[in-house]
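Here is how the chains run, residue by residue.
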Amino acid sequence: MMDRVRASIHARLRKSVGVLSHLRPFGMNARTRASAHSWTLLILTFVLASCSRKPEPNTLVVIIESSPTNLDPRVGLDAQSERIDGLLFDNLLSRDEHLSVKPGLAERWEIPDAKTYIFHLHRGVSFCDGRPLTSRDVKWSFDSLLQGKIRSTKAAAYRLVDHIDAPDDSTVIFHLKEPWAGLLWNIAGGEGMGIVPYGSGNELSRNPVGSGPFRFVGAEQDKEVVIERNDNYWAAKSRVDKVQFLVVPDTTTRALELRKGSADIAVNAFDFYPEVVSTLERQAHLGVLRGPGTRLGYMAFNLRDPILKDVRVRQAIAYAIDRQPLIHYLMRDSARPAASVLPPESWAFDDQVQQYSYDPAKARQLLDDAGYKSNNGVRFHLAMKTSTEESSRAMAAVFQQQLRDVGIALDIRSFEFATFFSDITHGEFQVYSLRWIGGNEDPEIFEYAFDTARIIPNGANRQYYSNPRVDALIEKARTEVDQNARKQNYAAIQEIVAEDLPYINLWYFDNVMVYSKRVRGLALNPSGNYDFLRRAELDSSR
């Protein structure tokens, strides 16, 4: 009986939160909004009185939106896999808060010529099971990809690596087929390559063994991932005994978990629900950290689709979408409009590319020119795939309304994240929306996501985009050593891609962390990853 009551309450609360989020552009006045806000708080109080469970004193509970798809760092591509892998595994290099490369497992490196990179490893490093980490493990981590022992689209990222030598236990030499300026970035933290033990195969996805500050304990799909401190860690050890990543897809339930104290941290969990963040911030036991972020929200098209292969249709959709009300009202100005796949913090960012300001009249004209006349207000139907995550569905609903105004009927199809992501990576979509989290911080993203050679399954060109001019510029930029010359090449790429429009770059999300005040030592970085868990600690007095 209680489960049915709770489900009913959650449904009403979701409706209230949704009303709060849509605000004035969708017909809500201030009095109605205030009433809805009060109703939300009333329901929150009722629910929280009926159910409460505190975390264990030595366990820090972090809310995540979905389960990681694969914790083998050679395979996992989704945000949760990469973020959690960043705690379980070490990379040869790491990245600082300014998106610059710095030492990791390699304490230093040399580049004697444009096709040779020599890395010198820290001595005395071991995996969490006690096995020493040597150059043989580094070589295996990459060879298992390059030689096809592990099937992963990440292999394409290292296709310019000819071979790797391990002349002694602490030296690794990368020999390239041709000059590749992006090697250092691609072996650094984030979406780089975590080092795995020699001989590791597919079993690593079920039982990850790394050398990072935490070690894997267990996982249950769509429920949790549990990790604990690696007491054998070679660098500064974590001050937290255990971390539970609690999978909570529903926005309202996330808020309830934080409010009742059964979860400690949620990072970027309320992108489209700033009112929820404001409500939580007023709770005495909770705090909020905010900062600019590099996460890109984008809409992508399948260019093999008979409707979407026409650039005029894609441009019409771009003109039909009004981003500013979404940013101002739905996200409460906690995002910046995106002018490129790259964030403004990147050295290669070009702010002179073509922009698509809201212009529904121009959108209608482009659709007319493309031969799609209106028939009873509808020109054609498109299907947009999203995850079941609530903010994704809310955003899709707004797009549906805006596109309806120009005669495009957008059908929203929501799937559990693993199914959704599988469809996307297999090209089974017309339109989808996702986020680049970390991968868009370096201009190598243009090769990975837009080069013809990287059309799936060879990379992340899921939209089947192909332009020989872009391919040639990517090749030129990749082999160019002079950074100013590379920047000019990447500027030209951004201008062409903005005109061809395989993506609509929507916004860069701010980073927002809601946290329990029993957790100390927290800090955000632009990437919004989980590095803060390396320094966080729990206050035993709370």
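Residues numbered from 1 in each chain as written. Predicted model: local features only at pLDDT ≥ 70, side-chain atom pairs only at ≥ 80, totals over all residues. Heavy atoms only, no water.

Student: Any chance you could explain the overall build of the protein chain here in plain terms?
Tutor: Broken down by element type, the protein chain carries 15 helices and 21 strands. In the protein chain, which comprises 542 residues, the share counted as buried stands at 60%. Partitioning the intrachain contacts of the protein chain with sequence separation of at least 6 by distance along the chain shows that 71% fall at a separation of at least 24. When the accessible surface of the protein chain is split by element, carbon and sulfur atoms take 48% of a total near 21,900 Å². (Helix = DSSP H or I, 4+ residues; strand = E, 2+ residues; numbered from the N terminus. Buried < 20%, exposed > 50% of the residue type's maximum accessible area, 1.4 Å probe, protein only. Contact = heavy atoms within 4.5 Å. Areas by Shrake-Rupley, 256 points an atom, 1.4 Å probe, with all protein chains shown as cover.)

Student: Would you mind going over unusual backbone geometry with me for this structure?
Tutor: Most peptide bonds take the trans configuration, and most residues that are not glycine carry a negative phi. In this chain, Ile456 is followed by Pro457 through a cis amide linkage whose omega measures 10°. With respect to the secondary-structure elements, Pro457 resides in the loop between helix H13 (445-450) and helix H14 (468-479). Phi is positive for Asp222, close to 65°, though the residue is something other than glycine. Mapped onto the fold, Asp222 is located in the loop between strand S8 (214-220) and strand S9 (224-229). On the accessibility criterion, Asp222 (42% relative accessible area) is partly exposed.

Student: Please explain the packing of aromatic side chains as it appears in this structure.
Tutor: What describes a pair of aromatic rings is the distance from one ring centre to the other and the angle between the planes of the rings. Applying the stated criterion to the full structure yields 24 aromatic pairs. With centroids separated by 5.5 Å and ring planes inclined at 80°, the aromatic side chains of Phe119 and Phe174 adopt a geometry described as edge-to-face. Here the residue Phe119 occupies a position in strand S5 (residues 116-121), and Phe174 occupies one in strand S7 (residues 171-176), the gap between them amounting to 55 residues. For the pair Phe119 and Phe174, a shared accessibility class is recorded, and that class is buried. Put simply, the rings of Tyr298, Trp347, Phe429, Tyr432, Trp436, Phe446, Tyr448, Phe450, Tyr465, Tyr490 and Tyr503 pair up and form one aromatic cluster. (Phe/Tyr/Trp six-rings, centres within 6.5 Å; stacked < 30°, edge-to-face > 60°.)

Student: Teacher, can you tell me more about the sheet that holds strand S14 (residues 335-337) here?
Tutor: What links the strands of a sheet is backbone hydrogen bonding, and the strands pair in either a parallel or an antiparallel sense. Pairing is mixed across the open sheet formed by 6 strands, whose spatial order is S14-S18-S13-S17-S15-S16. Sheet topology places S14 and strand S16 (408-415) at the edges, where each strand pairs with a single neighbour. Neighbour-to-neighbour, the strand axes of this sheet turn through a mean angle of 25°, independent of strand direction. The pairing of strand S15 (residues 380-387) with S16 spans 8 bridges and is classified as parallel. Counterpart to His381 in the pairing with S16 is Ala409. (Pairing = 2+ DSSP bridges. Axes fitted to C-alpha atoms, helices over the stretch in contact; angles between N-to-C directions.)

Student: Looking at this model, I keep getting lost on the pairing of strand S19 (residues 511-516). Mind explaining?
Tutor: One face of the sheet, then the other: side chains in a regular strand alternate in exactly this way. With respect to burial, S19 is a largely interior element, 6 of its 6 residues being buried. Residues of S19 alternate between two faces, with Asn511, Met513 and Tyr515 on one and Val512, Val514 and Ser516 on the opposite face, all of them buried. Where strand S11 (residues 265-267) and S19 come together, 3 bridges link them in antiparallel fashion. What sits directly across from Ala266, in S19, is Val514.

Student: Which parts of the structure should I look at to understand the nonpolar core?
Tutor: Considering soluble globular proteins, one finds that nonpolar side chains tend to be buried as a cluster. Core analysis: the biggest nonpolar cluster contains 92 residues, and Phe270, Met299, Ile317, Phe399 and Trp507 have the highest contact counts within it. Contact partners of Phe399, with chain neighbours within four places excluded, come to Met299, Ile321, Leu326, Met384, Leu410, Leu506 and Trp507. If you look at the next biggest cluster of nonpolar residues, it comprises 62 residues, including Leu60, Leu145, Val247 and Ile265. (Core = buried A, V, L, I, M, F, W, Y, C linked by side-chain atoms within 4.5 Å.)

Student: I'm lost on the packing of helix H8 (residues 311-320) against helix H10 (residues 360-369) in this one. Help?
Tutor: How two helices sit against one another is set out by the angle between their axes and by the gap between those axes. Orientation of H8 relative to H10, taken along the N-to-C sense of each, is 165°, at an axis distance of 8 Å. Classified by the angle their axes make, H8 and H10 are roughly antiparallel. Both H8 and H10 take part in a crossing whose hand is left-handed. In this structure, H8 uses Arg312, Val313, Gln315, Ala316, Tyr319 and Ala320 to contact H10, whose residues at the interface are Pro360, Lys362, Ala363, Leu366, Leu367 and Asp369. For the contact of H8 with H10, the class distribution of residues is 8 nonpolar, 1 polar and 3 charged. (Parallel < 35°, antiparallel > 145°, perpendicular 65-115°, else oblique. Left-handed = near helix turned anticlockwise from the far one by under 90°. Nonpolar A, V, L, I, M, F, W, Y, C, P; charged D, E, K, R; others polar.)

Student: Help me out: how do you make sense of helix H9 (residues 323-330) in this one?
Tutor: Think of an α-helix as turning once every 3.6 residues; residues three or four places apart then point the same way. Inspection of H9 places Arg323, Leu326, Ile327, Tyr329 and Leu330 among the buried residues, and these make up the whole buried set. Taken from the residues just after H9, Arg332 is the one with a positive phi, measuring 55°.

Student: Please clarify how the pattern of salt bridges should be interpreted in this entry.
Tutor: Side chains carrying opposite charge are able to pair once their charged atoms draw close together. With the rule as written, the count across this model stands at 28 salt bridges. Residue Arg229 pairs with Asp231 through a salt bridge whose shortest N-O separation is 2.9 Å. For Arg229, a relative accessible area of 23% corresponds to the partly exposed category. Of the charged contacts, one joins Glu275 and Arg332 as a salt bridge, the two residues approaching to 3.8 Å between their closest N and O atoms. On the criterion of sequence distance, the pair formed by Glu275 in helix H7 (residues 274-281) and Arg332 in the loop between H9 and S14 is long-range, its members being 57 residues apart. Looking at Arg332, the relative accessible area reads 30%, which means it is partly exposed. Three or more residues are tied together by salt bridges with common partners; here these are Arg159, Glu178, Glu447, Arg454, Glu475 and Arg478. (Salt bridge = Lys/Arg side-chain N within 4 Å of Asp/Glu carboxyl O.)

Student: Help me understand empty space enclosed by the protein, please; the structure alone is not making it clear to me.
Tutor: A probe matching the size of a water molecule, rolled over the atoms, marks out where space remains unfilled. If you walk through the whole model with that rule in mind, you get 2 cavities of 30 Å³ or more. If you add up the space inside the largest cavity, you get close to 230 Å³. Lining the largest cavity are 19 residues; nearest its centre among them are Ala339, Gln354, Tyr356, Leu501 and Asn505. Those elements giving two or more residues to the lining of the largest cavity turn out to be helix H15 (483-500) and strand S18 (503-509). A per-class count over the lining of the largest cavity returns 13 nonpolar, 5 polar and 1 charged. (1 Å grid on protein atoms, 1.4 Å probe; cavity = no way out; pocket = protein on both sides within 12 Å on 5 of 7 lines; lining within 4 Å. Points joined across faces, edges and corners; volume = space filled by probe spheres on them.)

Student: Can you walk me through the environment of Phe349 in this structure?
Tutor: Secondary-structure assignment places Phe349 in the loop between S14 and H10. Sequence separation between Phe349 and Ala491 is 142 residues; the distance between their C-alpha atoms is 7.3 Å. Those residues in contact with Phe349 that lie beyond four places of it in its chain are Ala339, Ser340, Leu342, Pro343, Pro344, Lys487, Gln494 and Tyr508.

Student: Help me understand the side chain of Arg478, please; the structure alone is not making it clear to me.
Tutor: Relative to the assigned elements, Arg478 resides in helix H14. Arg478 sits in the buried class, given a relative accessible area of 2%. Ignoring anything within four residues of it in the chain, the contact list for Arg478 reads Arg159, Leu160, Glu178, Pro179, Trp180, Ala181, Glu447 and Tyr490.

Student: Before we go on, may I ask you to explain the environment of Asp250 in this structure?
Tutor: Turning to its location among the elements, Asp250 is positioned in the loop between strand S10 (242-247) and helix H6 (251-259). Judged by its relative accessible area of 15%, Asp250 is buried. Along the backbone, Asp250 and Thr388 are 138 residues apart, and their C-alpha atoms lie at a distance of 8.3 Å. At a separation of 3.2 Å, a polar atom in the side chain of Asp250 contacts the main-chain amide nitrogen of Thr252. (Polar contact = N/O pair within 3.5 Å; in protein donor to acceptor, adjacent residues only side chain to side chain.)

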